[in-house]
Amino acid sequence: MDNLVSARWLAEQLGQPDLLVFDTTKYLPNEPRDARAEFAAAHIPGARFFDIDEVADPETNLPHMAPTPGRASRLLGQLGISNNHRVVFYDQKGLFSAARGWWLMRLFGHERAAVLDGGLPKWQAEGHATEGGAPAPATPQDFWADFVARRLAGIGDMKRIVADGSALILDARARGRFDGTAPEPRPGLPSGHMPGACNVPVNELLAPDQTMLPPDRLRAIFAAAGVDGTRPLVTSCGTGVTACVLALGLVQAGLPEPAVYDGSWTEWAARPETPKQSTP
């Protein structure tokens, strides 16, 4: 199963008993939209809603941090996911938060996960059907999480990396937020970046229809940011969502898979002891 699948492929696979589809939409605080309401209005037939704020660690004040393996096993099983399922994630924007679901599955050892390229807009643009209302309840399954530590970076890792340069940090936020010239969407959080980080705005990986660029173009974009295939990589963003899109892009480009800094800029910027930079 590829990490990125087309609307045509998904349309042909819908209804297979081992295939599950999830809408993983997450809107930013400054976007006045309701992901669950829009899911109820129109979603891919048979899809269920995957709330990244619920498949998360409830013991932190940071948004949608990865859960413990035990909590992941329970919650993913309650969503009807077993270790034998193929799981496809999409979102309502195109390719924004769906990669977070893909990354969570990989973090817990489940490689049979994919992202729908171009998401719901591409699905609808190609003329595929949607349905409304509430989906059928999930049949709980046993899911056994096998935590893959190399796919996750915490603030302790990031402090060390910033201090010794042992990995290249790629930041997915828009250039103004990275440079410190535009505000963060979360009130009270300063913009700027971690020292040594390179900016790869996530929109630069996407075509106008919100599908991911082909591998050769992705490699050129990452090469311009200093990725040469030999240095360890960590991706970051605002809250660990679009950092997962960078991770997907790196995998699609045939480059080393990075760790995702889950707390991302929201955690780093809020800590008084961490160094920050801006580019006036």
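Quick caveat: nothing in here was measured; it's all calculated off a predicted structure.

1. Observations concerning the overall build of the chain
Alright, step 1. On a plain count of helices and strands, the chain comes out with ten helices and ten strands.
Alright, step 2. A compact globule built from 280 residues would reach a C-alpha radius of gyration of about 19 Å, and the chain, at 18 Å, matches this within 12%.
Alright, step 3. Dimensions of the chain, computed from the C-alpha atoms along their principal axes, are close to 50 × 40 × 40 Å.
Alright, step 4. Expressed as a percentage of its 280 residues, the buried residues of the chain come to 54%.
Alright, step 5. Intrachain contacts of the chain at a sequence separation of at least 6 include 78% that bridge at least 24 residues.
Alright, step 6. Between the averaged position of the 26 positive side-chain charges in the chain and that of its 32 negative side-chain charges there is a distance of 2 Å.

2. Points about the domain arrangement of the chain
Alright, step 1. When the domains of the chain are assigned, the result is domain 1 (4–147) and domain 2 (150–270).
Alright, step 2. In this structure, domain 1 and domain 2 have C-alpha centres spaced 22 Å apart.
Alright, step 3. On the domain 2 side, the residues contacting the 27 residues of domain 1 number 25 residues.
Alright, step 4. For the pair domain 1 and domain 2, the summed buried surface comes to about 2,300 Å²; carbon and sulfur atoms form 66% of the total.
Alright, step 5. Our enumeration of links across domain 1 and domain 2 arrives at four salt bridges.
Alright, step 6. With its nearest N and O atoms 3.0 Å apart, the salt bridge here joins Arg 151 to Glu 111.

3. Considerations on the sheet that holds strand β6 (residues 152–153)
Alright, step 1. Pairing is parallel in the open sheet, where five strands are placed in the order β6-β10-β9-β7-β8. Only two strands of the sheet have a single neighbouring strand rather than two, namely β6 and β8 (198–199).
Alright, step 2. Both β6 and strand β10 (residues 259–261) contribute to a ladder of two bridges, which runs parallel. Bridging from a neighbouring strand, Ala 153 pairs with Tyr 261 of β10.

4. Regarding helix α8 (residues 215–224)
Alright, step 1. Listing the buried residues of α8 in full gives Leu 218, Ile 221 and Phe 222. One side of α8 carries all its buried residues, which in axial view fall inside an arc of 95°.
Alright, step 2. Here the buried face of α8 lies against β7 (168–171) and α9 (242–252).
Alright, step 3. Phi for Gly 226, located one or two positions after α8, is positive at around 100°.

5. Focus on unusual backbone geometry
Alright, step 1. The phi dihedral of His 64 falls on the positive side, at around 40°, and the residue is not glycine.
Alright, step 2. Phi angles above zero are rare outside glycine, and Gln 210 is one such case at about 70°.
Alright, step 3. By the element assignment, Gln 210 lies in the loop between β8 and α8.
Alright, step 4. Here Gln 210 falls in the partly exposed class, since its relative accessible area comes to 29%.

6. What to know about the environment of Arg 150
Alright, step 1. Tracing the backbone through its elements, the reader meets Arg 150 in the loop between α5 (119–125) and β6.
Alright, step 2. Taking C-alpha positions, Arg 150 is 9.0 Å from Val 260, a pair spaced 110 residues apart along the chain.
Alright, step 3. Setting aside its immediate chain neighbours within four residues, Arg 150 contacts Pro 258 and Ala 259.

What counts, and where the lines are drawn
- Residues numbered from 1 in each chain as written.
- Predicted model: local features only at pLDDT ≥ 70, side-chain atom pairs only at ≥ 80, totals over all residues.
- Heavy atoms only, no water.
- Helix = DSSP H or I, 4+ residues; strand = E, 2+ residues; numbered from the N terminus.
- Rg over C-alpha atoms; globule rule 2.2 N^0.38 Å.
- Buried < 20%, exposed > 50% of the residue type's maximum accessible area, 1.4 Å probe, protein only.
- Contact = heavy atoms within 4.5 Å.
- Lys, Arg positive; Asp, Glu negative; His and termini not counted.
- Charge placed at Lys NZ, Arg CZ, Asp CG, Glu CD.
- Domains from an automatic or database assignment.
- Buried area = accessible area lost by both parts, 1.4 Å probe.
- Salt bridge = Lys/Arg side-chain N within 4 Å of Asp/Glu carboxyl O.
- Pairing = 2+ DSSP bridges.
- Arc of directions from axis to C-beta.

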